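So you can see what is in the structure, the chains are spelled out below.
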Amino acid sequence: MRGLAIGDGGSVRVLIVGRGRMGGALAAALTRAGAEVTLAAGREGAAIPASAADVVLLAVPDAAIAETAARVGAGPLVGHLSGATGLRSLAPHEAFGLHPLLTVTGPEARFDGASAAIAGSTPRALRVARDLAAALGLRAFEVAEEDRAAYHAAASVASNFLVVVEGLAEELAGTAGVSRDALAPLVRAAVENWVRSGASAALTGPVARGDEATVERQRAAVAERLPDRLPLFDALVAATRELAARSAGGARSDPGQDRRAGRDVGSTPRGTSSRADRTGRDGAPA
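Everything numeric here is computed off the predicted structure, so don't read it as measured data. Within any chain, residue numbers begin from 1 and follow the written order of that chain's sequence. Only residues with pLDDT of at least 70 get local features here, since the model is predicted, and only at 80 or more are side-chain atom pairs given and counted; chain-wide, interface and lining totals rely on the full set of residues. Hydrogens and water are ignored here; the side-chain numbers use all heavy atoms of the structure.

Colleague: Is there a simple way to think about the side chain of His99 in this case?
Modeller: Counting from the N terminus, the helices are the DSSP runs of H or I reaching at least four residues and the strands are the DSSP runs of E reaching at least two. The topology assignment puts His99 in strand β5 (residues 95–100). Residue His99 is classed as buried on the basis of its relative accessible area, which comes to 11%. Polar contacts here mean pairs of N or O atoms no more than 3.5 Å apart (in protein, one a potential hydrogen donor and the other a potential acceptor; neighbouring residues in sequence count only if both atoms are side-chain atoms). Separated by 2.6 Å, the side chains of His99 and Tyr151 make a polar contact. Contacts were defined at the residue level, with two residues in contact if any of their heavy atoms lie within 4.5 Å. Apart from the residues lying within four places of it in its own chain, the contact partners of His99 are Leu81, Ser82, Gly83, Ser115, Ala116, Ala117, Tyr151 and His152. Here the term buried applies to any residue with accessible area under 20% of the maximum for its type, exposed to any over 50%, and partly exposed to those in between, with areas from a 1.4 Å probe on protein chains only.

Pasting the structure below:
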């Protein structure tokens, strides 16, 4: 983690408003980075004097950002930590956004090596967001105002929805007397394959290889044992079929783009494989 370098020398004064898990973790990490940090509660209705701060970070729920920002005195740059919220909520302050793309469970959380979405209402504000990210060990990337909701939805799919899917797997395994621990290596391998190769190349299993008889047996088991989860199972199977078709070259969202890139429409993209090629790869379930 590099030292914090905002302004013209001296220790940077950061006021963090919000004593939740993220606020506490940021206070600890920025203190280690050399900032002079004050952690304050964001009590509703109380004015937030900020004359002694260079930067104010609002570690409050999204719904409270605009109301809290309105109580911050003039002078310092004001930033929020929301992935979905734009900078207009921080008006009239010179504003920035810093959204660490990781799960924080307590003050001992480490930010090193994760990524962060940043934005700034001015070049100076954007530079401050980038410097804060660097001080925390985060890899910063910019997200435009109009892209924030889509970006945050992607983050929710990648983390929250993954847990929902694994919850379904855990419930089904439990009906067969199989523990969650037994599934863990399979989950880790699938995620690592996705990180390394992307969704199309990482996809394995009966849907990907067109084994409809096995899929039907699975569906019958879900219908019998977890009937309330059947709609989720069906939706996941349908989405998996669509991904398998795309990876095999059976569906293109923009055929003209393929022609412009010099590829034959319907051909298998370089670096991916057909369903048959993927059968049983990377320890796929039978």
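Colleague: Would you take a moment to explain unusual backbone geometry for this structure?
Modeller: Among all residues save glycine, negative phi is the norm, and among peptide bonds the norm is trans. Here the amide bond leading from Ala91 into Pro92 is cis, since omega sits at 10 degrees, within 30 degrees of zero. By the element assignment, Pro92 lies in the loop between β4 (77–80) and β5.

Colleague: Would you mind showing me how to read the pattern of salt bridges here?
Modeller: Close approach of charged atoms lets side chains of opposite charge pair. Here, a salt bridge means any Lys or Arg side-chain nitrogen found within 4 Å of an Asp or Glu carboxyl oxygen. With the rule as written, the count across this model stands at 12 salt bridges. When the shortest N-O distance is used, the salt bridge between Arg241 and Glu212 registers 2.7 Å. Note that Arg241 is positioned in helix α8 (residues 230–247) and Glu212 in helix α7 (residues 212–225), a separation of 29 residues in sequence. Exposure remark for Arg241: the relative accessible area of 35% places this residue in the partly exposed category. The class of Glu212 is partly exposed, set by a relative accessible area of 34%. Two residues, Asp228 and Arg229, come together in a salt bridge whose shortest N-O distance is 2.9 Å. On the basis of relative accessibility, which here comes to 55%, the residue Asp228 falls in the exposed class. Overlapping salt bridges bring together Glu171, Asp228 and Arg229 as one network.

Colleague: Looking at this model, I keep getting lost on the layout of surface pockets. Mind explaining?
Modeller: Summary: where empty space remains is shown by rolling a probe the size of a single water molecule over the atoms. Of the grid points, spaced at 1 Å and generated over the protein atoms alone, those admitting a 1.4 Å probe that cannot get out make up cavities, while open sets with protein on both sides within 12 Å along at least five of seven lines make up pockets; any residue with an atom within 4 Å of a point is treated as lining. Grid points are joined across faces, edges and corners, and a volume is the space filled by probe spheres set on the points. Space inside the second largest pocket adds up to approximately 830 Å³. In terms of lining, the second largest pocket is formed by 25 residues, of which the most central are Met22, His99, Pro100, Leu102 and Thr103. Put simply, the parts of the chain that give the lining of the second largest pocket at least two residues each are α1 (21–32), β5 and α4 (148–175). When residues in the lining of the second largest pocket are grouped by element, the largest group, seven residues, is from α4. Note on residue categories: nonpolar means Ala, Val, Leu, Ile, Met, Phe, Trp, Tyr, Cys or Pro, charged means Asp, Glu, Lys or Arg, and polar means any other residue, Gly included. Looking at the lining of the second largest pocket residue by residue, the class counts come to 13 nonpolar, 10 polar and two charged.

Colleague: Help me understand the sheet that holds strand β2 (residues 36–40), please; the structure alone is not making it clear to me.
Modeller: What holds strands together in a sheet is hydrogen bonding between their backbones, with the strands either parallel or antiparallel. Here a strand pair is declared whenever DSSP counts at least two bridges between the two strands. Across the sheet, which stays open at both edges, the seven strands sit in the order β2-β1-β3-β4-β5-β6-β7 with mixed pairing between neighbours. The open sheet terminates on both sides in strands that have one partner only, identified here as β2 and β7 (139–142). Ignoring strand direction, the axes of neighbouring strands in this sheet form an average angle of 25 degrees. As judged from the four bridges shared by strand β3 (residues 55–58) and β4, these two strands associate in the parallel manner. Bridging across to β4, Val56 finds its partner in Val78. Under this scheme, a helix contributes an axis fitted over its contacting stretch, all axes are lines through C-alpha atoms, and angles between N-to-C directions fall in the 0 to 180 degree range.

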